[in-house]
Amino acid sequence: MYREDSSRYKKFSRRAMILGGGQIALFGLLAGRMYQLQVLESKRYKMLAEDNRINIRVLPPPRGRILDRFGVPLAINKENYRVLLIAERTRNVKQTLDTLGRLISIPGHERRRILREIKRRRDFVPVTVQENLDWHKVSRIEVNAPDLPGIVIDVGQSREYPLGADSAHLLGYVASVSEKDKKQDRSRDPLLELPGFRIGKSGVEKEQDLRLRGKAGNSQLEVNALGRVIRELSRQEGQPGDDVILTIDLGIQNLAIEKLRDKKSAAAVVMDVNSGGVIALASVPGYDPNAFNTGLSGKQWRKIIRDPLAPLTNKAVSGLYAPGSTFKMVVAMAALEHGVVMPDHKVFCRGHVELGNARFHCWKKHGHGWMDLNAALQQSCDTYFYEIAKRVGIDKIAAMGRRFGLGQSTGIDLPNERGGLMPTSAWKKKRLGVPWQKGETLVAGIGQGFVLTTPLQLAVMTSRLASGKSVKPHLVHGVVSAGVKRTLQVPAAQKIQIAPEVRRLVMEGMNSVSNTERGTAYRARIKEPGFELAGKTGTAQVKRISKHERETMVLKNKERPWKDRDHALFVAYAPVEKPRYAIAVVVEHGGGGSAVAAPIARDIMHETLKRDPSGYRDRDGVARENEKGRKA
Amino acid sequence: MRIGAADRGPMTIGQKLWQVNWSLVSFIIVLTGIGCAMLYSAGDANWNPWAKRQLIRFGIGLFLMIMVAVTDIRMWMRHAYTLYFLVLGLLVAVEVMGVIGMGAQRWIDLGVIQLQPSEIMKITLVLALARFFHGASLEDIGRPMFLIIPLLLVAAPVVLVLRQPDLGTAIMLTMTAGVIFFLAGVRAWKFGVVIGAILAAMPVAWTLLHEYQKKRILTFLNPESDPLGAGYHIMQSKIALGSGGIFGKGYLGGTQSHLNFLPEKQTDFIFTMLAEEFGMAGGLLLLGIYAIVLIYGFAIALRVHNQFGRLITLGITGTFFFYVFINIAMVMGLVPVVGVPLPLVSYGGTAMLSLMIGFGFILCSYVHRDVRVGRHGSGGED
């Protein structure tokens, strides 16, 4: 037994040594692996661990407000109260919803959505129950808080437009960022990736978006494997968006909207003739910009899109209209500048002129008789302008039109502006492939045919005529950045190269339109001394009048279907002495310019002059401190 | 004849207690202490839910260990087969319960404690094999037919455990048995034959594996292939280890562990947590203490004068080694995730108790190192 055991013991000892050696080798392997992971590759794993642990959350800055020139808010951020439900804080989600449903109504489909979201997300993720709660509901929930475990009230910010549809075209609206927006943004602003973030989609909101948007802040959060936030590691506040001050005077803007409201479709623009600052820019019908912020239903959207009155179009900058007789100043200046007509030259109007086989009618069937320049503008005699347009030619008329801002974008700080059309013979040849016809010059001479302008362009044209400078329209007066107000400098407009005498003659003609008894807008004059305006009516024909109709009887506007009625236009500047403001009013299918457009323009202009912050004392147009309170 | 304690007559309990290798016990206590410290950290600086219960179980384990150590080794040898078949019966019982319809189970609920027979089998298999080889001469062992019985002793529990299915324990049992076969003197070429046979059987075994086991092996081979599924565990464990660096993130400061990126940090992945908080330095220190415990095992085995005691000492030391190696290799992505705890450190009742009983047998061998053990566990010569 002992010997046997001894040999077994020897074998056992030898093999134990082998086993021990093997174990040491395997432990060595473990140590080597530790060295590899914890020393050689440590850097990489440290980074991965930080990636795991740290979540960077983008903090949206408050959007800047939009103010009128006196500081009245046009677009603001409203506190938006939301009810959230955090599932882990309540023992019974359904019971909590039932209790809440007795305080604020929760429709069945909403309730199903909430329960679905709760199921899909982790317990600690808040789920929105309802948004945009009024104070009444908020306080009711707060009072019952002990019976509502898991219910939290959260305050966010949402954009609000106190004027609603009245300011829609001017200010535009904000909405969620689309994929297209992200692609177009080259700054790769992290805010655009933020769910629920909204950017300007049209109007001033779009044009000034970068100023209003501000800079994102960020917060580094430590999260666990489930994504639950454990604590905030660091926080960098963002930079709030700048407030944008517009040149708009809300009082006049409101008045303009008020005056246009009963018209189906119309636009008006009031401008400062010296600075180019737009005082009012109105377009009806509008749409509710607040609805865009909260999201439209498909039905609402289709209704807006299919509306023949195009409520989404800002007609002041995007609506194209034949200027009609408001174009006659340009024709007159072209003719005077090129010496084809003298101010005292007289043309006999017998109601029509003939060119070849065609007959061109004056609006006054039996003619005006002998007309000189002043009388032709005063009574808007078409025959006179057929004659001088024929003499000066389309190309020179178009060149004059361009000098006064027509046929090209004015460059106003609004999106979707259209350039209109100043036709030339070269344009027609290139575009339509046929030569320019002389008859077309005659038609262009009274602002019909190919000529197309926007209401803003007409206001710019009138401003340039009144000031003699190539003013450009703009909307942004200044910004308030971190509490510091800064006025944006507008480069001084250059003088228009035109003989002062030519301008003076045309302006005298406009004065006659409004302030002499035979003037087409005499009834729509401003009687208050010192406030007088000088204007020009326009009635743009929409449907060609057939020979048959002319021979039997021309239907009055009101007797025709709305779509076939004439556009009513009026442009004016005021005061007659030292002009300060220009206005253009277009009422689509409104009828006669003198009857429909001129009274509207008169009322708006009168109010503009009365509200002039400088009160004629200070040419800059900036409010004095003591007058700030006077704003409406 | 050898002069030893046994020759001076049977030892009293007091003498036996005096003979217990208390320095080994102290290292066991140190390891458990480290374990409790990590469990305290895993519980987010709280004794609940793990550290306190682990400590209580350790207390029970310590008591059982001493009880086993002072019991006469010949008594253990006499009852080695009885214990083996008792535990085998429990394994069958677990299997039957599963069949009856209580679902796949590894546990027997005794009310007070949930008993996991497969854990205890790790010890009783060692006892049974040690008893078998104790009475075998080298000539006996040289005969291939002689090995059929011990192979059946191994195969029975391995098959039952595989059916549970518990691949980790099956591997542990097989390897522990291999160690005893090797130490008993089975020729090396026979191991070659068995390993060859296993390799040949691999494709067949693959088809028998459960889907989740297959997936584990596949993701082990390429953890990045499934970063959100099973590969997630390995990936997060490697991130935790690697980000720990040389000196770690500090006690209670492991971000991966405390933010729950690390799965099962209180059981299988506790080494990862330790290495994240104490870095490579802490990992190597723990590895060093394990090495010391292993060295104790070898030193004791070489001093024991009976084959039964030697075989159980190195058999259990081998089991202990496999626990340590497989667990640490697993969390470092060296072997597939098979679910083997880190001995004395991981949270778990049965594993702790069976390990403590195992150490009890090592101490028992040491206490009775000079006792003569007969062929069937009798005290005298045969």
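## Here's the deal with the interface of chain A and chain B
Line of reasoning, step 1. Contact residues are listed per partner, giving 40 residues for chain A and 62 residues for chain B.
Line of reasoning, step 2. Approximately 4,400 Å² of surface area, both sides summed, lies buried where chain A meets chain B, with 70% of it carried by carbon and sulfur atoms.
Line of reasoning, step 3. Summed over the three residues of chain A that lose the most area to chain B, namely Phe12, Arg15 and Phe27 of chain A, the buried surface amounts to 17% of that side.
Line of reasoning, step 4. Along the contact surface separating chain A from chain B lie 0 salt bridges.
Line of reasoning, step 5. Here chain A is connected to chain B by 14 residue pairs in polar contact (both at pLDDT 80 or more).
Line of reasoning, step 6. Within the residue set of the side of chain A that touches chain B, elements represented by two or more residues are helix H1 (2–40), helix H2 (42–53) and strand S8 (217–223) of chain A.
Line of reasoning, step 7. In terms of residue class, the side of chain A that touches chain B is built from 22 nonpolar, 8 polar and 10 charged.

## A word on the pairing of S8 of chain A
Residues and elements named next belong to chain A.
Line of reasoning, step 1. Judged by how many residues are buried, S8 sits mostly within the fold: 5 of 7 residues are covered.
Line of reasoning, step 2. Where strand S1 (residues 54–59) meets S8, 6 bridges bridge the pair, whose relative direction is antiparallel. Bridging across to S8, isoleucine 56 finds its partner in glutamine 220.
Line of reasoning, step 3. Two strands pair when backbone bridges link them, and S8 and strand S9 (residues 229–236) are joined in this way by 6 bridges, in the antiparallel orientation. Among the inter-strand pairings, glutamate 222 is bridged to a residue of S9, identified as arginine 231.
Line of reasoning, step 4. Between S8 and S9, which pair antiparallel one after the other, the connecting turn spans 5 residues, and glycine 227 there sits at a positive phi close to 95°.

## Some points on the sheet that holds S9 of chain A
All names here are of chain A.
Line of reasoning, step 1. Taken in spatial order, the 3 strands make up an open sheet running S1-S8-S9, and their pairing is antiparallel. Of all the strands in the sheet, the pair left with one neighbour each is S1 and S9. Pairwise comparison of adjacent strand axes, ignoring direction, gives a mean angle of 25° for this sheet.
Line of reasoning, step 2. Packed onto the sheet, H2 meets S1, S8 and S9 and runs at close to 45° relative to S1.

## Comments concerning the domain arrangement of chain A
Residues and elements named next belong to chain A.
Line of reasoning, step 1. For chain A, the assigned domains read domain 1 (57–246) and domain 2 (250–292 + 314–620).
Line of reasoning, step 2. Using only C-alpha atoms to locate each centre, domain 1 and domain 2 end up separated by 46 Å.
Line of reasoning, step 3. Residue-level contacts link 31 residues of domain 1 with 31 residues of domain 2.
Line of reasoning, step 4. Counting the surface lost from both domain 1 and domain 2, the interface buries some 2,800 Å², and carbon and sulfur atoms represent 60% of this.
Line of reasoning, step 5. It is Asp166, His169 and Ile245 that lose the most area in domain 1 upon contact with domain 2, and together they represent 25% of the buried surface on that side.
Line of reasoning, step 6. Our count for the contact surface shared by domain 1 and domain 2 stands at 1 salt bridge.
Line of reasoning, step 7. Note that aspartate 166 and arginine 261 form a salt bridge whose closest N and O atoms lie 2.9 Å from each other.
Line of reasoning, step 8. Of the residues assigned to the side of domain 1 that touches domain 2, the class counts are 15 nonpolar, 6 polar and 10 charged.

## Topic: the confidence of the model for chain B
All names here are of chain B.
Line of reasoning, step 1. Averaged over all residues, the pLDDT of chain B equals 87, while 89% of them reach at least 70.
Line of reasoning, step 2. At the level of individual helices and strands, chain B shows its lowest average pLDDT in strand S1 (residues 108–109), which scores 70, and its highest in helix H14 (residues 270–303), which scores 96.
Line of reasoning, step 3. Predicted confidence is poor over residues 1–7, with pLDDT under 50, and the contacts of this stretch with residues over four places away or in other chains come to 11 contacts.

## Looking at the packing of helix H8 (residues 148–163) of chain B against helix H9 (residues 167–184) of chain B
Residue and element names in this part refer to chain B.
Line of reasoning, step 1. Relative to each other, H8 and H9 sit at 170°, their axes nearing to 8 Å. It follows from the interaxial angle that H8 and H9 lie roughly antiparallel. Every residue of H9 that contacts H8 at Pro150, Leu151, Val154, Pro157, Val158, Val161 and Leu162 is listed here: Leu167, Thr169, Ala170, Leu173, Thr174, Ala177 and Phe181.
Line of reasoning, step 2. Each residue belonging to the contact of H8 with H9 can be placed in one class, and the counts come to 12 nonpolar, 2 polar and no charged.

## Examining the sheet that holds strand S19 (residues 534–540) of chain A
Residue and element names in this part refer to chain A.
Line of reasoning, step 1. Strand order across the open sheet formed by 5 strands is S12-S11-S21-S20-S19, with antiparallel pairing between neighbours. One side of each edge strand has no neighbouring strand; the edge strands of this open sheet are strand S12 (278–284) and S19. Recorded for the sheet is a direction-independent mean angle of 5° between the axes of neighbouring strands.
Line of reasoning, step 2. Note that strand S11 (residues 266–272) and S12 share 6 bridges and pair antiparallel. Counted as the bridge partner of valine 269 is leucine 281 from S12.
Line of reasoning, step 3. Running at roughly 75° to S19, helix H21 (residues 500–515) makes contact with S19 and strand S20 (567–574) of the sheet.

## Overview of the pattern of salt bridges
All names here are of chain A.
Line of reasoning, step 1. If you walk through the whole model with that rule in mind, you get 38 salt bridges over all chains.
Line of reasoning, step 2. Arginine 113 serves as the salt-bridge partner of glutamate 110, at 2.9 Å between the closest nitrogen and oxygen. With glutamate 110 and arginine 113 both in helix H4 (residues 108–120), this residue pair falls 3 residues apart, about one helical turn.
Line of reasoning, step 3. Overall, the relative accessible area of 21% leaves glutamate 110 in the partly exposed class.
Line of reasoning, step 4. Taking the shortest distance from any N to any O, the salt bridge between glutamate 237 and arginine 235 comes out at 2.7 Å.
Line of reasoning, step 5. Here arginine 235 falls in the partly exposed class, since its relative accessible area comes to 47%.
Line of reasoning, step 6. The structure contains a network of salt bridges with shared partners spanning Arg63, Arg159, Asp189, Glu205, Asp209 and Arg213.

## Points about helix H3 (residues 51–70) of chain B
An α-helical turn contains 3.6 residues, so any two residues separated by three or four positions project in the same direction.
Residue and element names in this part refer to chain B.
Line of reasoning, step 1. The end-to-end C-alpha distance of H3 is 29 Å, a good match for the 28 Å that 20 residues give at a rise of 1.5 Å each.
Line of reasoning, step 2. Buried residues of H3: Ala51, Gln54, Phe58, Gly61, Met65, Ile66, Val68, Ala69 and Val70, and no others.
Line of reasoning, step 3. Lining the buried residues of H3 we find helix H1 (13–19), helix H2 (22–42), helix H4 (73–78) and helix H16 (349–367).

## Some remarks on H21 of chain A
All names here are of chain A.
Line of reasoning, step 1. Taking 1.5 Å of rise per residue, 16 residues should cover 22 Å, and H21 covers 22 Å from first to last C-alpha, within 8% of that figure.
Line of reasoning, step 2. Regarding H21, the residues found buried are Val502, Arg503, Leu505, Val506, Met507, Gly509, Met510, Ser512, Val513 and Ser514.
Line of reasoning, step 3. Residues of H21 that are buried in the fold lie against helix H14 (328–337), helix H15 (373–378), helix H20 (455–467), S19 and S20.

## Quick word on the nonpolar core
Line of reasoning, step 1. Formed by 126 residues in total, the largest nonpolar core has its most connected members in Leu129, Phe133, Phe271, Leu286, Tyr290, Phe320 and Phe359 of chain B.
Line of reasoning, step 2. If one sorts the elements of this core by residue count, helix H15 (residues 307–331) of chain B sits on top with 16 residues.
Line of reasoning, step 3. Those residues in contact with phenylalanine 359 of chain B that sit more than four places away from it in its chain are Ile28, Met65, Val293, Phe320 and Leu344 of chain B.
Line of reasoning, step 4. In this structure, Ala75, Phe385, Val392 and Ala584 of chain A belong to the second largest nonpolar core, which totals 98 residues.

The rules behind the values
Residues numbered from 1 in each chain as written. Chains lettered and ligands numbered in written order. Predicted model: local features only at pLDDT ≥ 70, side-chain atom pairs only at ≥ 80, totals over all residues. Heavy atoms only, no water. Contact = heavy atoms within 4.5 Å. Buried area = accessible area lost by both parts, 1.4 Å probe. Salt bridge = Lys/Arg side-chain N within 4 Å of Asp/Glu carboxyl O. Polar contact = N/O pair within 3.5 Å; in protein donor to acceptor, adjacent residues only side chain to side chain. Helix = DSSP H or I, 4+ residues; strand = E, 2+ residues; numbered from the N terminus. Nonpolar A, V, L, I, M, F, W, Y, C, P; charged D, E, K, R; others polar. Buried < 20%, exposed > 50% of the residue type's maximum accessible area, 1.4 Å probe, protein only. Pairing = 2+ DSSP bridges. Axes fitted to C-alpha atoms, helices over the stretch in contact; angles between N-to-C directions. Domains from an automatic or database assignment. pLDDT = per-residue confidence, 0-100. Parallel < 35°, antiparallel > 145°, perpendicular 65-115°, else oblique. Expected span 1.5 Å × (residues − 1). Core = buried A, V, L, I, M, F, W, Y, C linked by side-chain atoms within 4.5 Å.

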